[in-house]
Amino acid sequence: MATISDVAARAGVSTATVSRALNGKSTVDPMLAARVQEAAAELGYHPNGLARNLRRQETAVLALIISDVENPFFTAIARGVEDLAQRSGYSVVLCNSDENEDKERRYIEVALQERVAGVVLSPTGRSTNVEGLRRQGTPLVAVDRPLPADTGDQVLVDTRHAAAEATRHLLAGGYRRVGCLTGPAGVRTADDRLAGYADVVGEANVVSRRAEYRAEGARLAALELLDEPSPPDALLVANSTMAIGVLEALSSRGLRSGRDVGIVSFDDAPWTTLIDPPLTVVAQPAYEVGRVAAQLLLARIADSSREATTTTLEARLIERKSSRR
């Protein structure tokens, strides 16, 4: 890891000049400042924001980069991380990647620049790049969606098994043509939920659509399924945000969940018991995911030589009236 002394040696200036140049002080000659910036970029040096905080006796900081702050699943994860971190003397900075790879990349860069004590990350997909964190030695825990096994600790939920259980529940309730509405290809949770559904109905009977993990995309995808010559009479939906779009699609066609189309959705959002009929859900232990992730991250901050671990938690089916005829 490059130090301020390394940058000074590369640029041929003093460490004091490097400090002033990187902090944007006007007393530094512009040509010298440019030389310092170039040397810092070549060496991959980032000013140590965490060290500055500690010198000022401020609280150490963890970065939490989640995929969608509007999704109650991720906000519950955030609460789990924050509760444990606060008790351990750490503050948490919340970053919303919004399922956007560019935003995710920028937030990872900010975490590098500020030298946060550690990162909890819900990756956007296969292209998530954490090599910079690895090079800098920043402790990392992935939640909900996995990264390569040698990257760091991970806390996941066995959603493939849960999707299979939910599909069996719909078939046992008398529905005969069960469909699946899942998230984008390449996102592990979306792929696993589709795979769990297919495990039960068989590849030849798969009736599915993919959409962004958003209400509007799910609404349009649900309308496509309802317009098929043999539309599904039940749907497994990949998350609660998508379920809102599905319910809107049913309403626009004068259909009622349960009676006309059985619905089971992942995630037990607060509103799921307030609608009529209440929504059958696959409840994921989101708060526990966050709490365990923070626990693992703090353990790795204390001992970076620990072996990387993968913790897999179980989801549970909560039966309500949207999956009963």
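An unreviewed UniProt entry lists the chain under the name LacI family DNA-binding transcriptional regulator, from Amycolatopsis mongoliensis.

Enquirer: So what exactly am I meant to see when it comes to the confidence of the model for the chain here?
Expert: The predicted coordinates ought not to be read in detail in places where the model reports low pLDDT. Scored by pLDDT, the chain comes out at a mean of 91, with 94% of its residues at no less than 70. Residue range residues 53-59 is modelled with pLDDT below 50. Its contacts to residues more than four positions away, or to other chains, number five contacts.

Enquirer: Got a minute to help me understand the pairing of strand E2 (residues 90-96) in this structure?
Expert: Consecutive residues of a regular strand have side chains that alternate between opposite faces of the sheet. Inspection of the sheet shows strand E1 (residues 60-66) paired to E2 by seven bridges, in the parallel sense. Paired with Ala63 across the two strands is Val93, which belongs to E2. With respect to chirality, the unit in which E1 leads through helix H5 (residues 72-87) into the neighbouring parallel E2 is right-handed.

Enquirer: So what exactly am I meant to see when it comes to the sheet that holds E1 here?
Expert: Sheet strands pair by backbone hydrogen bonding; their relative direction is either parallel or antiparallel. Here six strands make up an open sheet; going across it, the order is E2-E1-E3-E4-E5-E11 and the pairing parallel. Of all the strands in the sheet, the pair left with one neighbour each is E2 and strand E11 (310-313). Each neighbouring strand pair of the sheet contributes to a mean axis angle of 15°, computed without reference to strand direction. With four bridges joining them, strand E5 (residues 153-157) and E11 adopt parallel strand pairing. Across the sheet, Val157 pairs through a bridge with Leu313, a residue of E11. Packing of H5 onto the sheet brings it into contact with E1, E2, strand E3 (118-121) and strand E4 (140-143), and relative to E2 it is tilted by some 160°.

Enquirer: Would you mind showing me how to read the side chain of Arg115 here?
Expert: Along the chain, Arg115 turns up in the loop between helix H6 (101-113) and E3. The buried charged residue Arg115 lacks any salt bridge, with Asp6 as its nearest oppositely charged partner at 8.9 Å. Among the polar contacts made by the side chain of Arg115, one reaches the side chain of Gln136 at a distance of 3.3 Å.

Enquirer: Honestly, unusual backbone geometry in this entry has me stumped. Any pointers?
Expert: Note the cis peptide between Asp276 and Pro277, where omega equals 0°. Checked against the element boundaries, Pro277 lands in the loop between strand E9 (262-266) and strand E10 (280-283). A positive phi angle is found at Asp144, which is not glycine, with a value near 70°. Mapping Asp144 onto the fold places it in the loop between E4 and E5.

Enquirer: Is there a simple way to explain the environment of Thr182 in this structure?
Expert: Looking at the element boundaries, Thr182 is found in strand E6 (residues 178-182). Once the C-alpha coordinates of Thr182 and Gly258 are considered, the two residues, 76 residues apart in sequence, prove to be 20 Å apart. Engagement of the side chain of Thr182 in a polar contact is seen with the backbone oxygen of Ala190, the distance being 2.8 Å.

The rules behind these values
Residues numbered from 1 in each chain as written. Predicted model: local features only at pLDDT ≥ 70, side-chain atom pairs only at ≥ 80, totals over all residues. Heavy atoms only, no water. pLDDT = per-residue confidence, 0-100. Contact = heavy atoms within 4.5 Å. Pairing = 2+ DSSP bridges. Helix = DSSP H or I, 4+ residues; strand = E, 2+ residues; numbered from the N terminus. Right-handed = clockwise from strand over helix to strand, strands pointing away. Axes fitted to C-alpha atoms, helices over the stretch in contact; angles between N-to-C directions. Buried < 20%, exposed > 50% of the residue type's maximum accessible area, 1.4 Å probe, protein only. Lys, Arg positive; Asp, Glu negative; His and termini not counted. Salt bridge = Lys/Arg side-chain N within 4 Å of Asp/Glu carboxyl O. Polar contact = N/O pair within 3.5 Å; in protein donor to acceptor, adjacent residues only side chain to side chain.

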